[in-house]
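# Overview (structure and organization)
In case you want the letters, here they are:
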Amino acid sequence: ARTMISLIGFENRQLTKQACALMMRHMSQRALLTENLKKAQVLVYPAAVKVYHETQLAIGRFTALKKHLAADDAHAYEEAASLLKRLTEYLTTTDYNPEEIARKNQRIMLNRELDEPVVDLLFLNLERDSTVREALTDESERDADPPKNPARRDLFQQCYNFLKALTTNHEAAQQKLFPQIGTFSEHMGIRELNVADTIREIVRDNARLIATVPESFFRHFISAILTWGRKARWLNFFQVFLEVNGSPFKRNQDVILRLVLEEWDALIDLSCDYRSSPYLPKSDPRTGKTLLDLIKDGDHSMPVRSLVKYHYGGINLLALCAAGKAAANKAKILPLVAMDTIIDSILDCVVNAEGIREDLAGFDFDGVHYIRSAWVKLMTNVYLSSMDTHSITQVQGARRMWFGDAKGDAAGASLMGEFVIDLQRLATRLQNLDGARSASFQTTGAISLLDKEDGVGKNMEMHLLYAMEIVRALVRIFSRADIYDPDRADAAQKEVASTLREQAVLLYSELRKIKLEKECLLVVELITAMTQIGIKGVALEMEEPVEEEEKVPGKEVRFHEGWNNFKLHMSATMGVNPEKPMLNSIKDVAMMLGSRETANNSKYETLREFVNLITNDAEVDILVQLNGLKIVRAILYVQPDKTGVTSDEQERQYKRMLRNDPPTDAEKGSREFVILQAKVAKIGGVDLVVSAMESPDKDVVLSALMLAVTLLEGGNKAVQDLFAATLAPASSQQFFLQLHKVLEDSIAALKEQKRKIKQRAAENTALAAAGIKRKATPLPSLGSSQQYMTEVMKMMR
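Residues numbered from 1 in each chain as written. Predicted model: local features only at pLDDT ≥ 70, side-chain atom pairs only at ≥ 80, totals over all residues. Heavy atoms only, no water.

## Quick notes on the overall build of the protein chain
A count of helical and extended segments in the protein chain gives 40 helices and 2 strands. Out of the 797 residues belonging to the protein chain, those deemed buried represent 48%. Relative to all contacts within the protein chain whose residues are 6 or more apart in sequence, the contacts with residues 24 or more apart total 73%. Of the roughly 38900 Å² of accessible surface on the protein chain, 52% is carried by carbon and sulfur atoms. (Helix = DSSP H or I, 4+ residues; strand = E, 2+ residues; numbered from the N terminus. Buried < 20%, exposed > 50% of the residue type's maximum accessible area, 1.4 Å probe, protein only. Contact = heavy atoms within 4.5 Å. Areas by Shrake-Rupley, 256 points an atom, 1.4 Å probe, with all protein chains shown as cover.)

In structure tokens:
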């Protein structure tokens, strides 16, 4: 390290750059070994060894087959498709391939970089035939373009199926494949090629990735619908960008809703009435049919081209854009979809053209549940969760909220009455589940309702999702006195509320039998909310939790435990903190760069070169810049040239920096410290802060804020003047924009964390009230968002 620092002082930019890079690499060697050990995957199970060897074989075969595929060799297509199908099976969760094994197979394949030859195949040229579409005069006949090479299209679909399975719940694979989504999106609009679902998995529940998706990418999917016609999967594509792990993502909510409103008529279908629609060709056999007709025909079960699924997708998209505290978005949707319209859509989707309510005996009633779930979600997110007086007025004045109106044969239907019926129907269906249990039920006690068929419908999961939306809506209704006030409710309303409580208790007991814990918690929250406002009824019958016998771990499990202990031992032996591996090295370099006794550094010449490099070099590595910021800040804490200071005192000051406490000398107003602050600022410290604030890396931005606070600590006027002079020109606008963005992002993140904390606390309260015992888990912390905001405020102060 001393040699590299000496080389920095020769005022040769290229030499300085290389010396810094080598020094950082030298500093990180032990940390790198620790990181590599963490990533190393030991193949303990024989099945894992088999997958490893098949992965190795596949890599070689894909590479060898590419030239034959380029020449359209039929045998090459057949072999490549067979390989991809086999590999995808290893990544797919089934009764015979549990999720844990599928996740391990994902890591094996990603570690061997199997994704790279597969992605490479997607760079083969796949032309589309757009002549038919371009010659159309009737826009309703728009459809995806047929491929000129169907065999290559089929191979591409196998590639996308594999990549989708590889990235499902696999953050490392998402991170690696994310840069390719622009390339993948170029294959949209080719008939029978599903790219959207793969892109969805690449970004699903990954906040860091979806935050960087530009508006132009969203416009590309809007354009796809306008160009090739309505496809449900393109509309549903937006869902993963609107929520992360069930929590709304505000930035994308605003952008996507604005884009949807620009093309409202072409994108959103609120009626699903194709008796006279410009979006369905007259030659389509579904022309002339209503939503009820389509449900009876089973349109909602079609894997592609489903009009019912597109109808659902539009409603669900609006609901997601209004989720959470998106008050502005709720206000935009409010005049477009009235509360009475939502209730009518929920109740009357089973009313035929003659105004008669049908029971759909012999048909799939789960299609009705499917559509109703979207409308109930929209009602909850736009109206029931809004504090706006206009929305509450509409809820309070809704015609069919509690009682049916006096029109036609649909007169008896009310929203609350229908909720009673639908919850009761689900509880009955769950009671009648047959004894055929899957292999996963034998091991976990949970049962899948997906595609579970009975006399009511063909997919009980749709009914369950609908029931949970009902419960969410009821929690809102019975938690708000401005919607349901027990002191003002009449006897009929109280009777309906009591009946709803009884059905919720019955539903809870059935859900508990099949161990749907998440759904049980939501129902308990509803029952608790109703009990708190005096709605009495049948009490929950709780079972005492059964303590499971502790299982003796097998040899494979014991090996994994030993391997983890070995990695911790290696980190401790090398003096590396696994969480912050370069702490000691940063302090050592700060001691050398901050000392005027270091060669070529009597006037901080070497330090100046170092600061200038990490400030002005556009190609500077993020790791170098990040650690460079920490080194410069550490110099202000340890003060290498301070007279009479011991190494123990310098170590204590360095630990203060790690705790983010101010330097002791700053609190004392030490003259020596004030002079050092000014010197570091003058040789480029201020420019370094301003430059690093523009970094796309959040860690670099936070380190820049911390350095700025340390430079300004104690109200150093000379440093304040330098910041003022640097930020005065109009060219510094980007710095203030970044500060504004950091504050906005931090506020949004803080609100989200507070929401999670409140939700977790409410869950714990509900469980306690219901007598349910569950292992206590710590409440979420406010996280790094609070730290960002704190540093901004300290710097501005």
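The discussion continues.
## Re helix H36 (residues 671–692)
At Lys-682, H36 shows its maximal bend, which comes to roughly 70°. In this structure Ser-670 caps H36, since a side-chain oxygen of it lies 3.4 Å from the backbone nitrogen of Glu-672. (Bend = angle between axes of the 7 residues up to and from the residue. Polar contact = N/O pair within 3.5 Å; in protein donor to acceptor, adjacent residues only side chain to side chain.)

## Things to note about the side chain of Arg-103
Within the secondary structure, Arg-103 sits in helix H6 (residues 99–111). Accessibility expressed as a relative area gives 14% for Arg-103, which makes it buried. Every residue in contact with Arg-103, bar those within four places of it in the chain, is listed here: Leu-91, Thr-93, Thr-168 and Asn-169.

## Considerations on the confidence of the model for the protein chain
Per-residue pLDDT for the protein chain averages 84, and the proportion of residues at 70 or more is 79%. In this model, residues 407–411 is a region of pLDDT below 50 whose contacts with residues beyond four sequence positions or in other chains number 12 contacts. pLDDT under 50 marks residues 435–445. Its contacts with residues more than four places away, or in other chains, come to 15 contacts. (pLDDT = per-residue confidence, 0-100.)

## Considerations on helix H28 (residues 491–513)
Residues spaced three or four apart along an α-helix face the same direction, because each turn holds 3.6 residues. Across its 23 residues, H28 extends 34 Å between first and last C-alpha, which sits within 8% of the 33 Å expected from 1.5 Å per residue. Every buried residue of H28 is accounted for by Gln-493, Val-496, Ala-497, Leu-500, Arg-501, Gln-503, Ala-504, Val-505, Leu-507, Tyr-508, Glu-510 and Leu-511. Packing partners of the buried residues in H28 comprise helix H25 (415–431), helix H27 (460–479) and helix H29 (517–532). Backbone geometry just downstream of H28 places Lys-515 in the positive-phi region, at approximately 60°. (Expected span 1.5 Å × (residues − 1).)

## Quick notes on the packing of helix H37 (residues 698–712) against helix H38 (residues 717–727)
Interaxial distance between H37 and H38 falls to 8 Å at its minimum, and their mutual angle equals 135°. Judged by the inter-axis angle, H37 sits oblique to H38. Across the interface between the two elements, Ala-708, Leu-711 and Leu-712 from H37 touch Val-719, Gln-720 and Phe-723 from H38. Taken together, the residues of the contact of H37 with H38 break down into 5 nonpolar, 1 polar and no charged. (Axes fitted to C-alpha atoms, helices over the stretch in contact; angles between N-to-C directions. Parallel < 35°, antiparallel > 145°, perpendicular 65-115°, else oblique. Nonpolar A, V, L, I, M, F, W, Y, C, P; charged D, E, K, R; others polar.)

## Quick word on the packing of helix H33 (residues 622–638) against helix H34 (residues 647–658)
With their axes 8 Å apart at the nearest point, H33 and H34 run at an angle of 130° to one another. On the basis of their axis angle, the class for H33 and H34 is oblique. In this structure, H33 meets H34 at a crossing whose hand is right-handed. Residue-level inspection shows Lys-630, Arg-633, Ala-634, Tyr-637 and Val-638 of H33 in contact with H34, the latter providing Gln-650, Gln-653, Tyr-654, Arg-656 and Met-657. Each residue belonging to the contact of H33 with H34 can be placed in one class, and the counts come to 5 nonpolar, 2 polar and 3 charged. (Left-handed = near helix turned anticlockwise from the far one by under 90°.)

## Focus on the environment of Gln-431
Looking at where Gln-431 falls in the secondary structure, it is placed in helix H25. For Gln-431 and Leu-506, which are 75 residues apart along the polypeptide, the C-alpha to C-alpha distance reads 10.0 Å. Ignoring sequence-local partners within four residues, the contact set of Gln-431 consists of Leu-506 and Glu-510. In terms of polar contacts, Gln-431 uses its side chain to reach the side chain of Glu-510, at 3.4 Å.

## Re the pattern of salt bridges
Evaluated as defined, the whole model comprises 48 salt bridges. A salt bridge links Arg-152 to Asp-72; the shortest N-O distance between them is 3.1 Å. Here Arg-152, found in helix H9 (residues 150–167), pairs with Asp-72, found in the loop between helix H4 (46–70) and helix H5 (74–91); they are 80 residues apart in sequence, far enough to count as distant. A residue is classified by how much of its surface remains accessible, and Asp-72, at 41% relative accessible area, is partly exposed. The partner of Glu-89 in a salt bridge is Arg-86, and the shortest N-O contact between them spans 3.8 Å. You can see Glu-89 and its partner Arg-86 sitting in helix H5, 3 residues apart, about one turn around the helix. On the accessibility criterion, Glu-89 (42% relative accessible area) is partly exposed. What you see here is one network of salt bridges that share partners, running through Asp-340, Asp-344, Asp-348, Arg-399 and Arg-400. (Salt bridge = Lys/Arg side-chain N within 4 Å of Asp/Glu carboxyl O.)

## Observations regarding the packing of aromatic side chains
One pass over the structure, following the stated rule, counts 14 aromatic pairs. When the centroid spacing of 6.3 Å and the interplanar angle of 55° are considered together, the rings of Phe-218 and Phe-238 count as tilted. Taken together, the positions of Phe-218 in helix H14 (residues 215–228) and Phe-238 in the loop between helix H15 (232–236) and helix H16 (239–242) put the pair 20 residues apart, joining distant regions of the chain. We note Arg-230 situated over the ring of Tyr-279; from NZ or CZ to the ring centre the distance is 3.8 Å. Above the face of the Phe-365 ring, Arg-425 is positioned so that its terminal group lies 4.4 Å from the ring centre. (Phe/Tyr/Trp six-rings, centres within 6.5 Å; stacked < 30°, edge-to-face > 60°. Lys NZ or Arg CZ within 6 Å of the ring centre and 35° of its normal.)

## Side note on unusual backbone geometry
The phi angle at Asn-245 is positive, at roughly 50°, despite the residue not being glycine. With respect to the helices, strands and loops of the structure, Asn-245 is situated in the loop between strand E1 (243–244) and strand E2 (247–248). Its relative accessible area of 56% is what places Asn-245 among the exposed residues. A positive phi angle is found at Lys-515, which is not glycine, with a value near 60°. Residue position: Lys-515 is located in the loop between H28 and H29. Classification of Lys-515 by relative accessible area gives exposed; the value is 52%.

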